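# Breakdown of the fold
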Amino acid sequence: MLLFLCKRFVGLIALLIVLSTLVFFFTRSLPGDAAALYIGGNAKPEQIERARIELGLDKPLVVQYKRYMGRLIHADMGISLRTHRPVFKDLMEKIPMSFELVLWALFIAAFFGVSFGVIAAYFQGSMIDETIKWFTSAAVSIPIFFLALLLQLFFFNYLGWFPLQGRIDSFLEFSNPIQNITGFSMVDTLIAGNFKAFFNVSWHMVLPVTALFVGPMGIIARLTRSSLLDVMDQDYILAARASGISEGVLFFYYGLRNALSPVLTVIGLSVALILLATFYVEMIFNWPGIGYYSLAAIMSLDYTALMGVTLMIGTVYVIANTIMDILRRIVDPRIK
Amino acid sequence: MKENPMAMQTDSYDIMAQKVIQEHRKVKWFQLRRLLKRKAAFLSLIILVLALVAVLFAPWIAPYPEQGQGAVNLEHRLQAPSPSYFLGTDVYGRDMLSRVIWGGRISLFGGVCIVFFAALIGVPLGLWAGYNEGISGAVISRVVELFLSFPSTLIAMAISILIGAGWFTAIIALIIPWWPWYTRLVQGEVLSIKQTLYVEAAQMLGYGKLYIIFRHLLPNIMTPVLVMILLDLGPAIIAIGLLSFIGLGTQPPMADWGLMVWEGAPNILSEWWISIVPGCAMFMVVIAFNIFGDALKDIFDSKG
């Protein structure tokens, strides 16, 4: 296990180095002059030249690359061309807001996905199975932006149950402001005992989280069902059944445990899926997180911010997969 | 005349072979009939055929073909669905029905293109990498792993920023992270087929690598590849929509379904049909592809 962890750790570092190198050369080959973008429109040539020296863009590519990697070790990703603030600081500010949505969505998707998958497999071929099949097919087929708009239209416009967008009602923002402690608005309001804001913030999160969890939930449910049915066909289940173990124990202990390993992999993959989905959900629900920031960076070709965002998503993806690999080895000791 | 016994022999072999082939065909037809007996699969097929017909014959089916291609019609802006504008009109007064049909051309064509070229690149590489354990196979495996260790949509977004926005570049940007999935699938299949007796026999007989790959390996991996192609069409259509929605794909006045949803998003609370109509079209086609693909997979998996 220790050897495996070491190996994974080395692999992780190697992958991150490859990723940051790729990102560096990718952003340097983007169209457009970064110095001109940094200064803004109507700049004199000498101003652009000064900005170029300030950003270090006048040096050869190799020198730039060395400097970039050296800074990256100190968590310095450069200055955003759009907000003119350090990218790392921007990211650190936005990440908690998005991760609040992402973690909720991941948790709900994993919990309900696995539950629905197990129920469908247990009642294989019945009406319940058919209903879940239709439901999950719809869940994986609906485009995320369409789902988000539908939710707004239905639950805000027609029913009026949930707020349209934003993190908190604007009048509460003045009377009961959120103190910035951890950056997670639900945790912050709870710690500060600001219950009015807590309920308001939770209320605002319902629709975005729903838009985020539906797709991954469908994927996880479908995979859980098929994986479980595969396992229940195995000879060792037949042998266990022949030795008189009750059907329930057989299904939930012997079956589920063996079926979980591919499911864990997909749960790891859905972290990235949900993170990318925040681009759309945060734009539609006007949520000031990492997705909103990334989208603004894409639209304005803010290459330092793009670099930071790509690195961050890549890192999260790789780390999530590593965690899931470790969990898989705990759940399923056959994996070597 | 004296009969040639050898000729008779081959004759009877021929008849036997014919019978086997007929039997085989019967099974295939039987499988197809079973597919159509499933209500959901049948319904999906109808939706797909309808969409295909509408898209192929767009100039004759769309009520206002020139508006479908982007011509503005400002005196009829933002009209609710009515007999003359069956699905309403958008911000520029264009008939939504015509727009959705023309948008479907880009979405469907793009989806088919992505999956087709991804398979075209990925399958041969997978065959080669699975059959050869030398350096070339290892290189292909590493490249595939590198691609699969980052989210595909993110790679596609990055590439389409790099090479510029547009429907054609969006398709290319999506093919690049898409093919490794086929390579991995095929490579896995080949690794198990390689152990079988008939491949070993072919190796013993001294057939060349390429002959074995195309004669023995390719036919045996076609079923999983075809199922994957069918199941990938839906996600491919969504993927183009995702790029177009954030301005990296199709550019106005052309529009695919994703861009049309984006165009309607600011007016969603009042003129809901501008977003909902293309969104529904996308949803229905994608779910039809998924259900049809699932049914096909079930039937191929259960083997008779």
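Residues numbered from 1 in each chain as written. Chains lettered and ligands numbered in written order. Predicted model: local features only at pLDDT ≥ 70, side-chain atom pairs only at ≥ 80, totals over all residues. Heavy atoms only, no water.

Secondary structure summary: chain B contains 12 helices and zero strands in total. Sequence-ordered secondary structure for chain B, helices as α and strands as β, is α-α-α-α-α-α-α-α-α-α-α-α. Counting over 304 residues, chain B shows a buried share of 48%. When contacts within chain B are restricted to residue pairs at least 6 apart in sequence, long-range pairs at least 24 apart make up 73% of them. (Helix = DSSP H or I, 4+ residues; strand = E, 2+ residues; numbered from the N terminus. Buried < 20%, exposed > 50% of the residue type's maximum accessible area, 1.4 Å probe, protein only. Contact = heavy atoms within 4.5 Å.)

With that settled, consider the overall build of chain A. When helices and strands are counted, chain A shows 14 helices and zero strands. Starting at the N terminus and walking to the C terminus, you meet the elements of chain A as α-α-α-α-α-α-α-α-α-α-α-α-α-α. For chain A, the spread of C-alpha atoms along the principal axes amounts to about 85 × 55 × 35 Å. Taking all 336 residues of chain A together, the buried fraction comes to 49%. The long-range share in chain A, meaning contacts at least 24 apart out of those at least 6 apart in sequence, stands at 72%. Roughly 16,400 Å² of accessible area belongs to chain A as shown, and the carbon and sulfur atoms make up 69% of that amount. Charge centroids of chain A, computed over 25 positive and 22 negative side chains, lie 6 Å from each other. (Areas by Shrake-Rupley, 256 points an atom, 1.4 Å probe, with all protein chains shown as cover. Lys, Arg positive; Asp, Glu negative; His and termini not counted. Charge placed at Lys NZ, Arg CZ, Asp CG, Glu CD.)

What follows is about unusual backbone geometry. Note the cis peptide between B:Pro252 and B:Pro253, where omega equals 10°. If you trace the backbone, B:Pro253 turns up in the loop between helix H10 (209–245) and helix H11 (257–264). The residue A:His84 is not glycine, and still its phi comes out positive at about 60°. Mapping A:His84 onto the fold places it in the loop between helix H4 (61–73) and helix H5 (87–122).

Right, let's talk about the confidence of the model for chain B for a bit. All names here are of chain B. Summing up the model confidence of chain B, the mean pLDDT is 84 and the portion of residues at 70 or higher is 88%. Model confidence for chain B, summarised as mean pLDDT per element, is weakest for helix H1 (residues 5–37) at 63 and strongest for helix H5 (residues 96–131) at 92. Among the scores for the predicted complex, ipTM is 0.84 and pTM is 0.85. (pLDDT = per-residue confidence, 0-100.)

Summed over the entire model, instances satisfying the criterion amount to 27 aromatic pairs over all chains. Ring geometry for B:Phe57 versus B:Trp60: centroids 6.4 Å apart, planes at 55°, classification tilted. With a centroid separation of 5.6 Å and 65° between ring planes, the pair formed by B:Phe147 and B:Trp179 is classed as edge-to-face. Here the residue B:Phe147 occupies a position in helix H6 (residues 135–148), and B:Trp179 occupies one in helix H8 (residues 167–193), the gap between them amounting to 32 residues. Taking relative accessible area as the criterion, B:Trp179 reaches 11% and is therefore assigned buried. One aromatic cluster in this structure is built from A:Phe154, A:Phe155, A:Trp161, A:Phe162 and A:Trp203. (Phe/Tyr/Trp six-rings, centres within 6.5 Å; stacked < 30°, edge-to-face > 60°.)

A word on helix H7 (residues 152–163) of chain B. All names here are of chain B. Between its terminal C-alpha atoms H7 stretches 16 Å, which fits the 16 Å expected from 12 residues at 1.5 Å a residue. Those residues of H7 lying buried are Leu-154, Ile-155, Ala-156, Met-157, Ala-158, Ile-159, Ser-160 and Ile-161. Looking one or two places after H7, you find Gly-164, whose phi comes out positive at around 95°. (Expected span 1.5 Å × (residues − 1).)

In this section: the packing of helix H1 (residues 2–28) of chain A against helix H14 (residues 303–331) of chain A. All names here are of chain A. With their axes 10 Å apart at the nearest point, H1 and H14 run at an angle of 160° to one another. With respect to H14, the axis of H1 lies roughly antiparallel. In this structure, the crossing between H1 and H14 has a hand that is right-handed. Grouping the constituent residues of the contact of H1 with H14 by class yields 13 nonpolar, seven polar and four charged. (Axes fitted to C-alpha atoms, helices over the stretch in contact; angles between N-to-C directions. Parallel < 35°, antiparallel > 145°, perpendicular 65-115°, else oblique. Left-handed = near helix turned anticlockwise from the far one by under 90°. Nonpolar A, V, L, I, M, F, W, Y, C, P; charged D, E, K, R; others polar.)

Structurally, A:Met205 is set in helix H10 (residues 195–232). For A:Met205, the contacting residues outside a window of four places in its chain are A:Glu100, A:Leu101, A:Trp104, A:Met186 and A:Trp287.

What follows deals with the interface of chain A and chain B. Taken residue by residue, the interface counts 43 residues in chain A and 38 residues in chain B. Summing both partners gives a buried area of about 3,400 Å² for chain A against chain B, and 82% of it is carried by carbon and sulfur. Ranking the residues of chain A by area buried against chain B places A:Phe145, A:Phe146 and A:Tyr280 at the top, with a combined share of 17%. Our count for the contact surface shared by chain A and chain B stands at one salt bridge. Notably, a salt bridge pairs B:Asp294 with A:Arg222, separated by 2.9 Å at the nearest N-O pair. At the boundary of chain A and chain B, one finds five residue pairs in polar contact (both at pLDDT 80 or more). Elements represented by at least two residues in the side of chain A that touches chain B include exactly H1, helix H6 (127–141), helix H7 (144–158), helix H12 (247–284), helix H13 (290–300) and H14 of chain A. (Buried area = accessible area lost by both parts, 1.4 Å probe. Salt bridge = Lys/Arg side-chain N within 4 Å of Asp/Glu carboxyl O. Polar contact = N/O pair within 3.5 Å; in protein donor to acceptor, adjacent residues only side chain to side chain.)

Bringing the nonpolar core into the picture now. Within the largest apolar cluster, 183 residues are counted, with the highest numbers of intra-cluster contacts made by A:Phe145, A:Phe279, A:Tyr280, A:Ile298 and B:Met157. When residues in this core are grouped by element, the largest group, 17 residues, is from H12(A). Those residues in contact with A:Phe279 that lie beyond four places of it in its chain are A:Gly291, A:Ser294, A:Leu295, A:Ile298, A:Val309, A:Ile313 and B:Met157. (Core = buried A, V, L, I, M, F, W, Y, C linked by side-chain atoms within 4.5 Å.)

Residue and element names in this part refer to chain B. With their axes 8 Å apart at the nearest point, H5 and H10 run at an angle of 150° to one another. Relative to H10, H5 is oriented so that their crossing is right-handed. Of the residues in the contact of H5 with H10, the class split is 21 nonpolar, three polar and two charged.

This part is about a nonpolar patch on the surface. Residue and element names in this part refer to chain A. Among the surface-exposed residues, Met-1, Leu-2, Leu-5, Ile-319, Ile-323, Leu-327 and Ile-330 lie close enough to one another that they form a single nonpolar patch of about 650 Å² accessible area. Only H1 and H14 provide two or more residues apiece to the nonpolar patch. Element by element, the count of residues in the nonpolar patch is highest for H14, at four residues. By secondary structure assignment, the location of Met-1 is in the segment before H1. (Patch = residues over 30% accessible without salt bridge, like charges linked within 9 Å, V, L, I, M, F, W, Y side chains within 5 Å.)

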